[in-house]
Amino acid sequence: MPTLSGLVPSSSLCPNVSFGFGCAKANRLLFPYNLHYGLGKASKKQKAFQVKSGFWESIKTGFLKDSTTQVIEPSSAVQEEEEEPQPEEFVLVEKTGPDGTIEEIVFSSGGNVDVYDLQSLCDKVGWPRRPLTKLAAALKNSYMVATLHSVRKVPGSEGNGEKKLIGMARATSDHAFNATIWDVLVDPFYQGQGLGKTLVEKLIRALLQRDIGNITLFADSQVVEFYRNLGFEPDPEGIKGMFWYPKY
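Now for a quick tour of the structure. (Residues numbered from 1 in each chain as written. Predicted model: local features only at pLDDT ≥ 70, side-chain atom pairs only at ≥ 80, totals over all residues. Heavy atoms only, no water.)

Now for the environment of Gly110. Along the polypeptide, Gly110 turns up in the loop between β4 (102–108) and α3 (115–124). Note: C-alpha distance between Gly110 and Glu89 (21 residues apart in sequence) is 7.6 Å. Sequence-distant contacts of Gly110, defined by excluding residues within four places in its chain, comprise Pro87, Glu88 and Val145. (Helix = DSSP H or I, 4+ residues; strand = E, 2+ residues; numbered from the N terminus. Contact = heavy atoms within 4.5 Å.)

So, in C-alpha cells, the structure goes:
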C-alpha cells in the first residue's frame, strides 16, 4: 500500500507511503478528487463529481450490457500510429558539497530496480522483509515503477558516479481505465525535502499521459493528510473500499 519512506507496508510489497512512521496496516482507500490535478482547480462538489463519473462510468461502460454509452473502437491504423509515452529520466535536484562533490537526485519512470537495493531501502524505513522472489515478481508485474536515485560525482573523476536508490513508487493497472499506486517510500535521510510529494506527482502525471484517469491508493491513517494535499480524498461520495478476510 502507499507509504512514503517509512509508513505502512502492503502485502504485495510494502504499503504505499513510508516516511519513518513505522509499519502498520494501511486502512484507507483514497480516490483523487481532481483527476487532472495540477492542471486546474475545481470546487469540492465538482471534484467529487469527476471522481464519481470517472470511476463508475468507466467501469459501467466496460462491463454493463445495458450501458447506453457508445464505445467507438479506434481503427487498427490509428492504434498503430499512437505511440506509448516513453519513460522519463531527468535531474530533479543538483547540489555541490563543501568538498566539491556533486550530488544529483534523478527521477526515472522506467528502468530496472535491483531487488537488493529495494530490500535495503525497505529496511531503512522499517518495513518487514519479504521474499526476494516476490519482490522481483511485484516489480516485474507492475504497470509502472518510478524511482529516485542519488548520483554522486567527485570532481575530476570519470564515469557515471556512485548511484544509490533513495525512493520508489509503483502502480498496477488494467492498462485502460484504472491504476492503483503502491509502495511509496523515501530514504529517511532524504525526507523533508519534498521528494515524496514530487515522486507521487510525477507518477500520477505519467499515468494521466497514458489516459488512465481512475487512480487510487491505500494509505495508513498517519499519511492520509499527505495524500489529501496531493488531491486524494477518502471515501468520496460514500464509495468504500472492501477487503476480503478469511473467516477461519
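That shown, we press on.
The next thing to look at is the nonpolar core. In this structure, Leu148, Ile181, Val184, Leu199, Leu207, Tyr227 and Phe232 are the most contacted members of the largest nonpolar core, which totals 29 residues. Secondary-structure elements contributing two or more residues to this core are β4, β5 (144–153), β6 (162–173), β7 (178–186), α5 (195–209) and β8 (214–219). Residue contributions to this core peak at 7 residues, all from α5. Counting residues in each nonpolar core, the second largest holds 13 residues, with Val113, Trp127, Val145 and Leu165 among its members. (Core = buried A, V, L, I, M, F, W, Y, C linked by side-chain atoms within 4.5 Å. Buried < 20%, exposed > 50% of the residue type's maximum accessible area, 1.4 Å probe, protein only.)

What follows covers the pairing of β8. In terms of residue burial, β8 counts as a mostly covered element, since 6 of its 6 residues are buried. Covered by surrounding structure in β8 are Asn214, Thr216 and Phe218 together with Ile215, Leu217 and Ala219, the residues of both alternating faces. Across 4 bridges, the pairing between β7 and β8 is parallel. Across the sheet, the residue bridging to Ile181 is Leu217, located in β8. Crossover β7 to β8 through α5 is right-handed. (Pairing = 2+ DSSP bridges. Right-handed = clockwise from strand over helix to strand, strands pointing away.)

Another point: the packing of aromatic side chains. Enumeration over the complete set of coordinates arrives at 6 aromatic pairs. Look at Phe189 and Tyr190: their rings are 5.1 Å apart centre to centre, the planes differ by 80°, and that puts the pair in the edge-to-face class. By relative accessible area, which is 61% here, Phe189 ends up exposed. The exposure class assigned to Tyr190 is buried, which follows from its relative accessible area of 1%. The rings of Trp182, Phe218 and Phe243 are connected pair by pair, giving a single aromatic cluster. (Phe/Tyr/Trp six-rings, centres within 6.5 Å; stacked < 30°, edge-to-face > 60°.)

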